[in-house]
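Structural overview for review
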Amino acid sequence: MSTVDTVIAEPTYESRGQLIVSVEGNIGSGKSTFLSYCSQDPAFDVFSEPVDTWSNVGGTNLLEQFYSDPAKWGFPFQMEVMITLLDRYLRISPRRIKLVERSLLSARHCFQRCMLAHGHLDSVSSAILNQFHDTVRDQWRAIPQIIVYLSASPAVSYSRLLSRARSEESGVTLEYLSELDQYHDEWLSGLQARNMAEEEDLPILTINADRPFNEVVKDYDRVMKELKFLYDC
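A short tour of the structure in this document, coming up. (Residues numbered from 1 in each chain as written. Predicted model: local features only at pLDDT ≥ 70, side-chain atom pairs only at ≥ 80, totals over all residues. Heavy atoms only, no water.)

Looking at the overall build of the protein chain
Counting its secondary structure elements, the protein chain contains 11 helices and 5 strands. Principal axes of the C-alpha set define a box for the protein chain whose edges measure 55 × 40 × 40 Å. With 233 residues in all, the protein chain has 48% of them scored as buried. In the protein chain, once contacts between residues fewer than 6 apart in sequence are set aside, the share between residues at least 24 apart is 75%. (Helix = DSSP H or I, 4+ residues; strand = E, 2+ residues; numbered from the N terminus. Buried < 20%, exposed > 50% of the residue type's maximum accessible area, 1.4 Å probe, protein only. Contact = heavy atoms within 4.5 Å.)

Describing helix H3 (residues 31-38)
Along H3, the residues that are buried comprise Lys31, Phe34, Leu35 and Cys38. Seen end-on, H3 carries its buried residues on one side only, within an arc spanning 95°. Close packing links the buried residues of H3 with strand E1 (19-25), strand E2 (44-47), strand E3 (97-101), strand E4 (146-151), strand E5 (204-208) and helix H11 (213-232). (Arc of directions from axis to C-beta.)

Description of the layout of surface pockets
By volume, the largest pocket amounts to about 560 Å³. Secondary structure elements with two or more residues in the lining of the largest pocket: H3, helix H4 (51-54), helix H5 (62-68), helix H6 (70-90), helix H7 (104-117), helix H9 (154-164) and H11. Across the lining of the largest pocket, the residue classes tally to 18 nonpolar, 9 polar and 9 charged. (1 Å grid on protein atoms, 1.4 Å probe; cavity = no way out; pocket = protein on both sides within 12 Å on 5 of 7 lines; lining within 4 Å. Points joined across faces, edges and corners; volume = space filled by probe spheres on them. Nonpolar A, V, L, I, M, F, W, Y, C, P; charged D, E, K, R; others polar.)

Focus on H11
Between its terminal C-alpha atoms H11 stretches 28 Å, which fits the 28 Å expected from 20 residues at 1.5 Å a residue. The set of residues buried in H11 consists of Val216, Val217, Asp219, Tyr220, Val223, Met224, Leu227 and Tyr231. Along the long axis of H11, the arc covered by the buried residues comes to 165°, so they all point the same way. Exposed side chains of H11 directed beyond 90 degrees from the buried face belong to Asn214, Lys218, Lys225 and Phe229. (Expected span 1.5 Å × (residues − 1).)

Focus on the packing of aromatic side chains
This structure, assessed with the given rule, holds 7 aromatic pairs. For the ring pair Tyr37 and Tyr220, a centre distance of 5.6 Å and an interplane angle of 50° mean the geometry is tilted. Pair noted here: Tyr37 is in helix H3 and Tyr220 is in helix H11, with a separation of 183 residues, a long-range link. For the ring pair Phe213 and Tyr220, a centre distance of 6.0 Å and an interplane angle of 70° mean the geometry is edge-to-face. Residue classification places Phe213 among the partly exposed positions, given a relative accessible area of 44%. Residue Tyr220 is classed as buried on the basis of its relative accessible area, which comes to 3%. By way of ring pairs, the aromatic residues Phe34, Tyr37, Phe213 and Tyr220 are connected into one cluster. One residue, Lys98, lies across the ring of Phe47, its end atom 5.3 Å from the ring centre. (Phe/Tyr/Trp six-rings, centres within 6.5 Å; stacked < 30°, edge-to-face > 60°. Lys NZ or Arg CZ within 6 Å of the ring centre and 35° of its normal.)

Here it is as structure tokens:
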């Protein structure tokens, strides 16, 4: 087959369904850059985090409120994140491969865990979030089939965060990014161990995202090629 369009038009695509990929990584790790690059290929449908939606929930900038007072706004913000993630995972797309920025898995195992460790969630709020996660996983299967992990050091992520200068992120510290980096590593290393034990089947494709664009773009192309191969298997 010579073009992506002919692949999409074939009946086998309808029976095969869509490959759903979660693009994971720390704040400032380069997820948006990767997704923007992938969006140029007609095989991929890209769903970035809906920052504009989070910035106007019932007239409230929920993202900004969360960063300014996480103890008060942690639970509603996390619920909003999970609701918008569910929407993106269930949204129908005509393209072969759907790339979604983050997942309910990282929301639970990285961000929720960090909030709980700092006392920004009580046990009841955490239990409700877990119940929501489990229901979505079991009833709607709104989970990825593959993870692409943009691995970047906290220092590089922090430098990029400062460069993009989002007003809502002005209070984000290097310490916070270091904690999230640790939670990502623990979650994904644990997931990799379970994959190797054949308890789960969730491949992880890792990109070293510390490098500048002109170097890391080669890995972008490699991962995109691997995703197309996995779809066609």
